[in-house]
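# A closer look at the structure
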Amino acid sequence: MAALAGCAGKEANSGDNGGGGGGGDSGMQVHDATFVNAYTGNPVDLHFNSQATQNYSWTAGRCVFAPFLKYSFNEKKFILGALKDLQIEDKEVTLTFRDDLKWSNGDDWTTDDFEVQIKLAKKTEQSIWGYLDDYEIVDKSTARLILSGPTNPQIVKFELTNFFVDTKAETHSQWLDKPAEEFLQWAWEDPVSSAMMKFVNKDQQAFEFERNPEFYKADNVNFSTYLLESFSGNNPQHQALVAGDKVDGATSLFTPPTIAERFPDHIVEINIPAKWGYGVVFNHSDSDFGKRAVRQAVAHVINRQALVKNAGPETKFVTPAPCGIAPKDQERWLGDWFGDFETYGAKTSQTDKATKLLEGAGYSRQGGKWKDENGNTLGGDYYTPAGWTDWTTMTQTVVDQLNNFGFDFSISTKPTNDWFNQFSNSNFKMGAMYWLPGGSRSTFPYFPLYYQLWATDIGGGHGYRKKADSKQTIPGRSGGKMTLNPLKVTEKIAKQSSEEKSRPFVQKAAWHSHIELPFLGLVSKFEQSWVTDDEWTIAEEGSPNRRVKWPPFWWLHEGELQYNA
């Protein structure tokens, strides 16, 4: 906020913040003001290597890296960012980038940078290569992706919403000839920017950025400084918003109505479909939770509606059938298969079914606790992230339900980075983890179904990757058997030219997911993003940018978040 800059109301000429006048900067007046965006995390532990997702700061990345394109939930359409044009015809995807795309150090961006980016995406098995055969560099601003077969254009676009101008050839090419594991451990600490702000500093309190005059829409940014201020959790962010003059926004912050009612009138709530939510991740290499029967028993015990009731019925809702597809998309995609899916009891705890499954797997209940044949109790540490207040509530509900049934879990609350490490290192039995990758792309089932098999955000730490790429035989829809390679079936979703042609593969992959439960999807939600409109402009209700992820970044990109005091 302006006051935190120490000089509210003062103005500086364009170019005073380093390097002058590139990327569309036309000598506009730049206010010496600061936008303060609240988030949870310690900047010291985070970095800017977007492919090393474990400790990548996606919020900081959105300040400095321009998106290829975005998706508007308001208008259900795609909006171009760093791309000037996108054409998808037959097996070719032609990407034409803006002519004025530059790096913050003054270097021109070229397709040399993109070539390194797409090569590294292949090295690290990014999902886009699940349906690419090759690529071609046409000229300095044009590249062509060669599809491996017919592909639904929507899935290509959704995939590209996950791409940012975040790879610089001279910086990243060092990793082309090194093992993927080394690249994924690299913490990029001093990024060169392609977007609205450029990196200045980070410490335990905040990421600090300043206006990037080389940005292709630099005229949209009329203030000097942007802070991502670190908070220890949701409650301190709530307190800052209640105070009314401590922060200017919070990208994603669950807020119960009783707290939101205390916010000043100038704090505006933006609801966006999350396609993300609370679930359970299992360690499939574990001797207990690697068993399908145990995972299914867990699913039967948990009353999902109780989680919603306890943690926020205004913004949360249950998944009808845990099957790897976002809740509000299931009926449309599953069609006449939908009624055959096991719900595992969305609004009840089905302990009789859970008992039958555990007993069939060789467990017995002794002294009120489920034990294996050696007398070991069924349970362990249940990991959950610190500071995520709604998740804390749902974790307590889940563990209470499981322990009342006879499991033996203890809640282990970890700082966000340590929580990710626990799963990435496969050092767990089960715990709280988001079961959808989130964002607009999760409206297309390929992405969440692939995520559940591959667990990309925890580096495959759930141990299902080898199983996913092997032949499996599971109970079939009509009482018989279904044999499939789940990864190959999922990849075929992306390779169909239309939604109708994709549907049979979606149905089979979802059927496998609801039987095998690579993850257990419990709840999804609407995102709550918060911005202030006393000193800052905001996107109007009818703007196509209103419900684009995320307002504190995309509105800035489009000139709808400006200093206005």
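A brief report on the enclosed structure follows.

The rules behind these values
- Residues numbered from 1 in each chain as written.
- Predicted model: local features only at pLDDT ≥ 70, side-chain atom pairs only at ≥ 80, totals over all residues.
- Heavy atoms only, no water.
- Phe/Tyr/Trp six-rings, centres within 6.5 Å; stacked < 30°, edge-to-face > 60°.
- Helix = DSSP H or I, 4+ residues; strand = E, 2+ residues; numbered from the N terminus.
- Buried < 20%, exposed > 50% of the residue type's maximum accessible area, 1.4 Å probe, protein only.
- Lys NZ or Arg CZ within 6 Å of the ring centre and 35° of its normal.
- 1 Å grid on protein atoms, 1.4 Å probe; cavity = no way out; pocket = protein on both sides within 12 Å on 5 of 7 lines; lining within 4 Å.
- Points joined across faces, edges and corners; volume = space filled by probe spheres on them.
- Nonpolar A, V, L, I, M, F, W, Y, C, P; charged D, E, K, R; others polar.
- Salt bridge = Lys/Arg side-chain N within 4 Å of Asp/Glu carboxyl O.
- Polar contact = N/O pair within 3.5 Å; in protein donor to acceptor, adjacent residues only side chain to side chain.
- Pairing = 2+ DSSP bridges.
- Axes fitted to C-alpha atoms, helices over the stretch in contact; angles between N-to-C directions.

### Some points on the packing of aromatic side chains
In the structure shown here, the tally under the stated rule is 55 aromatic pairs. Considering the side-chain rings of Phe 35 and Trp 536, the 5.2 Å spacing of their centres and the 85 degrees angle between planes classify their relative orientation as edge-to-face. With Phe 35 in strand β2 (residues 29-40) and Trp 536 in the loop between β24 (523-532) and α18 (551-558), the pair connects residues that are 501 residues apart, well separated along the chain. The exposure class of Phe 35 is buried, given its relative accessible area of 0%. Relative to Trp 388, the ring of Trp 276 lies with its centre 6.2 Å away and its plane at 45 degrees, an arrangement referred to as tilted. In this pair, Trp 276 sits in the loop between β13 (267-273) and β14 (278-282) while Trp 388 sits in the loop between β18 (379-385) and α12 (389-405), placing the two residues 112 residues apart along the sequence. Each member of the pair, Trp 276 as well as Trp 388, is classed as buried. Taken together, Trp 276, Tyr 278, Tyr 383, Trp 388, Trp 391, Trp 419, Phe 420, Phe 423, Phe 428, Tyr 434, Tyr 451 and Phe 519 form an aromatic cluster joined through their ring pairs. The ring centre of Trp 129 lies 4.8 Å from the NZ or CZ of Lys 122, which sits over that ring. The ring of Phe 317 carries the charged tip of Lys 328 above its face, separated from the ring centre by 4.2 Å.

### Quick word on empty space enclosed by the protein
Under the definition given, this model contains 3 cavities of 30 Å³ or more. Taken together, Arg 62, Phe 65, Pro 67, Lys 70, Phe 164, Met 196, Lys 549, Trp 550, Phe 553, Trp 554 and His 557 form the lining of the largest cavity. The residue makeup of the lining of the largest cavity, split by class, is 7 nonpolar, 1 polar and 3 charged.

### Description of the pattern of salt bridges
Applying the stated criterion to the full structure yields 26 salt bridges. Among the salt bridges present, the one from Lys 549 reaches Glu 527, with a minimum N-O distance of 4.0 Å. Residue Lys 549 is found in the loop between β24 and α18, and its partner Glu 527 is found in strand β24; the two are separated by 22 residues along the sequence. Among the residues examined, Lys 549 registers a relative accessible area of 11% and is labelled buried. Within the structure, one salt-bridge network assembled from shared partners comprises Arg 332, Glu 499, Glu 500 and Arg 503.

### Notes on the side chain of Thr 443
By the secondary structure assignment, Thr 443 is in the loop between β20 (430-434) and α14 (446-454). Within polar-contact distance, the side chain of Thr 443 engages the backbone oxygen of Ser 440 at 2.8 Å.

### Overview of unusual backbone geometry
Cis geometry marks the peptide bond from Lys 549 to Trp 550; its omega dihedral reads 0 degrees. Mapped onto the fold, Trp 550 is located in the loop between β24 and α18. Its identity is not glycine, yet Glu 125 carries a phi of approximately 60 degrees, on the positive side. Mapped onto the fold, Glu 125 is located in the loop between α2 (111-123) and β7 (132-139). With phi around 55 degrees, Ser 426 is a residue other than glycine that occupies positive phi space. Mapped onto the secondary structure, Ser 426 falls in the loop between α13 (416-424) and β20.

### A few points about the sheet that holds β18
Reading across from one edge, β19-β18-β20-β14-β23 is the order of the 5 strands in this open sheet, with mixed pairing throughout. On the outer flanks of this sheet lie β19 (408-414) and β23 (519-521), each paired with one strand and no other. Here the average twist between neighbouring strands, direction ignored, is 30 degrees.

### Structural notes on the layout of surface pockets
Roughly 360 Å³ of volume is contained in the second largest pocket. Tyr 71, Phe 73, Lys 275, Arg 332 and Thr 443 are, among the 22 residues lining the second largest pocket, the residues nearest its centre. The greatest single-element share of the lining of the second largest pocket, amounting to 3 residues, is contributed by β24.

### A look at the pairing of strand β22 (residues 481-484)
The two faces of β22 differ: Met 482 and Leu 484 on one face are buried, but Lys 481 and Thr 483 on the other face are not. Examined bridge by bridge, strand β21 (residues 472-475) and β22 share 4 bridges and lie antiparallel to one another. The residue bridging Pro 475 from the neighbouring strand is Lys 481, located in β22.

Nothing here speaks to function; it is all geometry.
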